[in-house]
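Summary of the model geometry
Here is how the chains run, residue by residue.
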Amino acid sequence: MPDLSPGSQRSRIQKVSRNFFLHIHAPRVNLRSLKLTTTFGLGVALGFLFLILILTGVLLMLYYTPSEGQAYSSVKDIMYVVKGGRYIRNLHRWAAHGMVILAFLHLIRTFFTGAYLKGRRLNWIIGVAMLLVTLLLSFSGYLLPWDQLAYWAVTIGSNIAASARELTDALGMTQVFDPGGFVKQLLIGDEVVGQEALTRFYMLHIIFLPLTLLILMGVHFWRIRKDGGLARPADSREQDIHTWPTALWGELAVLMVSLAILMAAAFFFDAPLKELANPLLPENPAKSPWYFLGVQELISYSAFAGGIIIPVLFVAFLVSIPFRDREESHAGIWFSGIVGKRVTIASLFFSAAVTIGILFVNVNFGWLGDWFAGTPQVLIILINPGTVLAAAYAVWSVYQRRRTGSVHFSAMALFTCALVGLIILTFVGVWLRGPDWEFYWLRSNWPVQ
Amino acid sequence: MIPETLMEKPKGGLTRRRFLGKAALGCAAGAGGLAGIAALRSIAPALTRTKKVFSVGRLHDFPVNTFTLLPKHKVFILRDHEGVRAVSAICTHLGCVLKRVEDEFRCPCHGSRFDDSGQVISGPAPSALPWFKVDLAPDGRIRVHTNQRTTSQDKLRLF
Ligand code: HEM
Ligand code: FES
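Residues numbered from 1 in each chain as written. Chains lettered and ligands numbered in written order. Predicted model: local features only at pLDDT ≥ 70, side-chain atom pairs only at ≥ 80, totals over all residues. Heavy atoms only, no water.

1. Description of the coordination of the iron atom of ligand 1
Residues and elements named next belong to chain A. Distances from the iron atom of ligand 1 to its protein donors, His92 (NE2) and His205 (NE2), fall within 2.0 to 2.1 Å. Geometry at the iron atom of ligand 1 is octahedral, judged from the six donor atoms that bind it and their angles of 82 to 179 degrees at the metal. One end of the pair, histidine 92, is in helix H6 (residues 85-112); the other, histidine 205, is in helix H11 (residues 195-226), and 113 residues separate them in sequence. (Donors = N, O, S within 2.8 Å, 3.2 Å for Na, K, Ca; no water. Tetrahedral: all angles 85-135°; square planar, octahedral: opposite > 155°, others 65-115°. Helix = DSSP H or I, 4+ residues; strand = E, 2+ residues; numbered from the N terminus.)

Spelled out as structure tokens, the structure:
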């Protein structure tokens, strides 16, 4: 007769294996995986935030009306009439921003612990897809309130989708072949953001993207089990801790902490709602949501290079990492030890210096188009502050490859450079760009209009 | 009972069973593909709300030597002593609506500036503003065709 008393080995394993929901866990985990410094609970927090978004989103759907004429007033009703509506909306908004931030942090964590190694390639790629879906989900939600902020952010965003036009324009073929315009039409269903765009974004936001994310999440969690738990160094011990209840206590703690932070944020800060969208009067400056402002800064140099070439290169780099880097011994070790730490820190300083340097030149002295009147547009697409930065990062990464003789460390160098660049550009886009996309140190220096 | 001879697999060759299996798969993939293409085509809008040809008013609505912004259609109508022209009011960078400031068109979003003929003076805008064909509708009103480009010199001459 097996021992089935509470607390026995067997009952603990059955707790997990007999429950549909708990079954996404393996019955046992490694002690290392539960340490805070291994994961910082980021992935688990992402899952919880998604859950909260579904719950609050369903509540918002009861009152929200996706029509050009009523969307704005329905959000206003949610804010000022519906009991608790403002709090629910705040939770939804801050959880959405939280997901974007945590998704980036989770990416950073998995990268620097080499968690894409040892057969975890597929899960890394799924993760990249989930990051993109999260960004799209947030972006599609951004339009729904139909205020000035939403309207112009999405106008800018949808024209970023059309930025292939810069190339076809430069080649003089947009009239006959216009892939950029086609993508834009698919996205917003019209030439300008209007009812069609709202209908499409609403569909994407409440069905297509959440469902996609849910399915990807299912595969993501299933892969973690299949891959034998989290990545860990070869010399670590076997799975030695029961999931029930130890790992679940950890997860509960993450839930409590994220909930506490979220609830406090929703209590103290209201989600913005500006005046009703006015298609004739652009916001000045018109800014897309903050997580696209790094890209928007790049786009202010060249739409095609900044909106398409560089983002595509970045995603291609992320996806290619586990195919190029096969140095399995680095799995599960933060920064892969002392050499990796040095490479990362050096790359951090290198990238910060180069990025700030190029920005300084661009802000103070302009660029090719300002120096030589009549510079052909194709040249600006190829040589602009964005592409120069990307090239500098690539050269640095090749240099690290030569120096360390390791693909792993050169990937670390490139990843660090790209990330630091993205952070700096985003910072500039969010805080240092004012009306007419001019550079201002302080918001109080903006000209009064 | 299936006769023995049908179940035998000739070495390396295609049995009837395998052939039918492959053919069925091929048909399913083909049908799925075609259905997919049809579904995708439905996503691209066949009609949009944005009008490409529209009347903007009569000659006396536009004083001589002015640029008039028509917000609904996002074009500027330029009237001078010879005739009428129309130029796009949509910034070629990322689509904000331009303003007429002093002698130029300015974009409030990322600061592109265009001169009177629509050429870029400065800023991130990659190309000049397009000029549109203007003619008279049968009812005598001025009509703009945003699907037909012309040059900045080409006017509807009225005198
Ligand atoms: C990862 C998931 C999600 C993200 C990142 C996200 C993001 C956003 C954002 C940024 C907004 C604009 C928020 C605002 O102004 O309050 C929004 C609004 C909205 N979301 Fe979500 N959302 C997510 C999931 C969902 C789900 C699952 C649903 C419904 C099933 C949903 C339904 C809605 C509705 C109805 C609105 C409009 C209400 C409003 O604008 O206040 N969302 N979402
Ligand atoms: S949209 Fe006009 S400058 Fe960017």
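2. Quick notes on the domain arrangement of chain B
Taken as a whole, chain B is organised into domain 1 (4-43) and domain 2 (46-157). One C-alpha centre belongs to domain 1 of chain B, the other to domain 2 of chain B; they are set 56 Å apart. (Domains from an automatic or database assignment.)

3. Details of the interface of chain A and chain B
Listed per partner, the contact involves 31 residues of chain A and 24 residues of chain B. Of the roughly 2,300 Å² buried where chain A meets chain B, counting both sides, 57% is carbon and sulfur surface. Our count for the contact surface shared by chain A and chain B stands at zero salt bridges. Counting across the chain A and chain B interface gives four residue pairs in polar contact (both at pLDDT 80 or more). Of all elements in the fold, only helix H8 (148-161), helix H9 (164-170), helix H10 (179-188), H11 and helix H13 (293-299) of chain A reach the threshold of two or more residues within the side of chain A that touches chain B. Take the side of chain A that touches chain B: its biggest share by element is five residues, from H8(A). (Contact = heavy atoms within 4.5 Å. Buried area = accessible area lost by both parts, 1.4 Å probe. Salt bridge = Lys/Arg side-chain N within 4 Å of Asp/Glu carboxyl O. Polar contact = N/O pair within 3.5 Å; in protein donor to acceptor, adjacent residues only side chain to side chain.)

4. With respect to the packing of aromatic side chains
Residues and elements named next belong to chain A. In this structure the tally under the stated criterion is 27 aromatic pairs over all chains. On the basis of an interplanar angle of 45 degrees and a centroid distance of 4.9 Å, the ring pair of phenylalanine 112 and phenylalanine 335 is categorised as tilted. In this pair, phenylalanine 112 is assigned in helix H6 and phenylalanine 335 in the loop between helix H14 (303-324) and helix H15 (338-365), connecting sequence segments 223 residues apart. Geometrically, the ring pair formed by tryptophan 146 and tyrosine 151 is edge-to-face, given 5.6 Å between the ring centres and 85 degrees between the ring planes. A single burial state applies to tryptophan 146 and to tyrosine 151, both of which are buried. The rings of Phe40, Phe111, Phe112, Tyr116, Trp124, Trp334, Phe335 and Phe415 are connected pair by pair, giving a single aromatic cluster. (Phe/Tyr/Trp six-rings, centres within 6.5 Å; stacked < 30°, edge-to-face > 60°. Buried < 20%, exposed > 50% of the residue type's maximum accessible area, 1.4 Å probe, protein only.)

5. Things to note about the pattern of salt bridges
According to the stated counting rule, one finds ten salt bridges over all chains in the structure shown. With its nearest N and O atoms 2.5 Å apart, the salt bridge here joins A:Arg86 to A:Asp270. Here A:Arg86 is found in helix H6, whereas its partner A:Asp270 is found in the loop between helix H12 (243-268) and H13, with 184 residues between them in sequence. The partly exposed category is assigned to A:Arg86, whose relative accessible area is 30%. The exposure class assigned to A:Asp270 is partly exposed, which follows from its relative accessible area of 38%. Counted as one network, the salt bridges with shared partners bring together B:Glu102, B:Glu104, B:Arg106 and B:Arg113.

6. Thoughts on the site of ligand 1
All names here are of chain A. Near ligand 1 you find 21 residues, and of these Arg89, His92, Arg93, Leu137 and His205 are the closest. Between ligand 1 and arginine 89 there is a distance of 2.8 Å, counted from an oxygen atom to a side-chain nitrogen or oxygen. In the model, an oxygen atom of ligand 1 is placed 2.7 Å from a nitrogen or oxygen of the arginine 93 side chain. Contributions of two or more residues to the shell around ligand 1 are made by helix H4 (42-61), H6, helix H7 (121-143) and H11. For the shell around ligand 1, the leading source of residues is H4, giving seven residues. Class assignment of the residues belonging to the shell around ligand 1 gives a composition of 14 nonpolar, five polar and two charged. (Near = heavy atom within 4 Å. Nonpolar A, V, L, I, M, F, W, Y, C, P; charged D, E, K, R; others polar.)

7. Regarding H6(A)
For H6(A), which comprises 28 residues, the first-to-last C-alpha distance of 40 Å matches the rise-based estimate of 40 Å (1.5 Å per residue) to within 8%. After H6(A) finishes, the residue A:Gly114 shows a positive phi value of roughly 60 degrees. (Expected span 1.5 Å × (residues − 1).)

8. So, a nonpolar patch on the surface
All names here are of chain A. There is a patch of nonpolar side chains on the surface, built from Ile54, Val58, Met203, Ile207, Phe208, Leu211, Leu214 and Ile215 and spanning about 740 Å² of accessible area. Of all the elements in the fold, those that place two or more residues in the nonpolar patch are H4 and H11. When residues in the nonpolar patch are grouped by element, the largest group, six residues, is from H11. Relative to the helices and strands, phenylalanine 208 is located in helix H11. What makes phenylalanine 208 partly exposed here is its relative accessible area of 47%. (Patch = residues over 30% accessible without salt bridge, like charges linked within 9 Å, V, L, I, M, F, W, Y side chains within 5 Å. Areas by Shrake-Rupley, 256 points an atom, 1.4 Å probe, with all protein chains shown as cover.)

9. Remarks on the domain arrangement of chain A
Many authors give the size of an interface as the accessible area that is lost as the parts come together. Residues and elements named next belong to chain A. What the domain assignment reports for chain A is domain 1 (18-279) and domain 2 (284-449). When each unit is reduced to the centre of its C-alpha atoms, the spacing between domain 1 and domain 2 is 23 Å. Across the boundary between the two partners, domain 1 contributes 40 residues, which contact 43 residues of domain 2. Here domain 1 and domain 2 share an interface that buries about 3,700 Å² over both sides, 77% of which is from carbon and sulfur atoms. The three residues of domain 1 that bury the most area against domain 2 are Phe112, Arg121 and Glu166, which together make up 19% of that side's buried surface. On inspection of domain 1 and its partner domain 2, the count reaches zero salt bridges.

10. A closer look at the sheet that holds strand S6 (residues 104-106) of chain B
Residues and elements named next belong to chain B. Overall, antiparallel pairing links the four strands, which are arranged S5-S6-S7-S8 in an open sheet. With one partner strand each, in any of the chains shown, strand S5 (99-101) and strand S8 (120-122) form the two edges of the open sheet. Both S5 and S6 contribute to a ladder of three bridges, which runs antiparallel. Residue pairing for S6: lysine 99 is matched across the bridge by arginine 106. (Pairing = 2+ DSSP bridges.)

11. Side note on the packing of H10(A) against H11(A)
All names here are of chain A. Closest axis-to-axis distance for the H10/H11 pair is 7 Å, and the angle between their directions is 70 degrees. One finds that H10 runs roughly perpendicular with respect to H11. On the side of H10, the interface is formed by Gln185, Leu186, Leu187 and Ile188, while H11 contributes Glu196, Ala197, Arg200 and Phe201. Here the contact of H10 with H11 is composed, by residue class, of five nonpolar, one polar and two charged. (Axes fitted to C-alpha atoms, helices over the stretch in contact; angles between N-to-C directions. Parallel < 35°, antiparallel > 145°, perpendicular 65-115°, else oblique.)

12. Observations concerning the side chain of A:Thr344
Relative to the assigned elements, A:Thr344 resides in helix H15. In contact with A:Thr344, other than residues within four places in its own chain, are A:Phe112, A:Phe335, A:Met412 and A:Thr416.

13. Focus: the confidence of the model for chain B
All names here are of chain B. Per-residue confidence for chain B gives a mean pLDDT of 85, with 92% of residues at or over 70. Per-element mean pLDDT across chain B ranges from 55 in helix H1 (residues 4-7) up to 92 in helix H2 (residues 16-43). Both scores are available for the predicted complex, with the pTM at 0.86 and the ipTM at 0.74. (pLDDT = per-residue confidence, 0-100.)

14. Here we look at the nonpolar core
Judged by nonpolar contacts, the single largest core of 75 residues is most densely connected at A:Tyr64, A:Leu143, A:Trp146, A:Val193, A:Leu213 and B:Leu98. Apart from residues lying up to four places away in sequence, A:Tyr64 is in contact with A:Ala71, A:Ser74, A:Val75, A:Ile78, A:Leu144, A:Pro145, A:Leu198 and A:Tyr202. The next biggest cluster of nonpolar side chains, apart from the first, holds 26 residues, and it includes A:Leu107, A:Ala115, A:Ala231 and A:Ile321. (Core = buried A, V, L, I, M, F, W, Y, C linked by side-chain atoms within 4.5 Å.)

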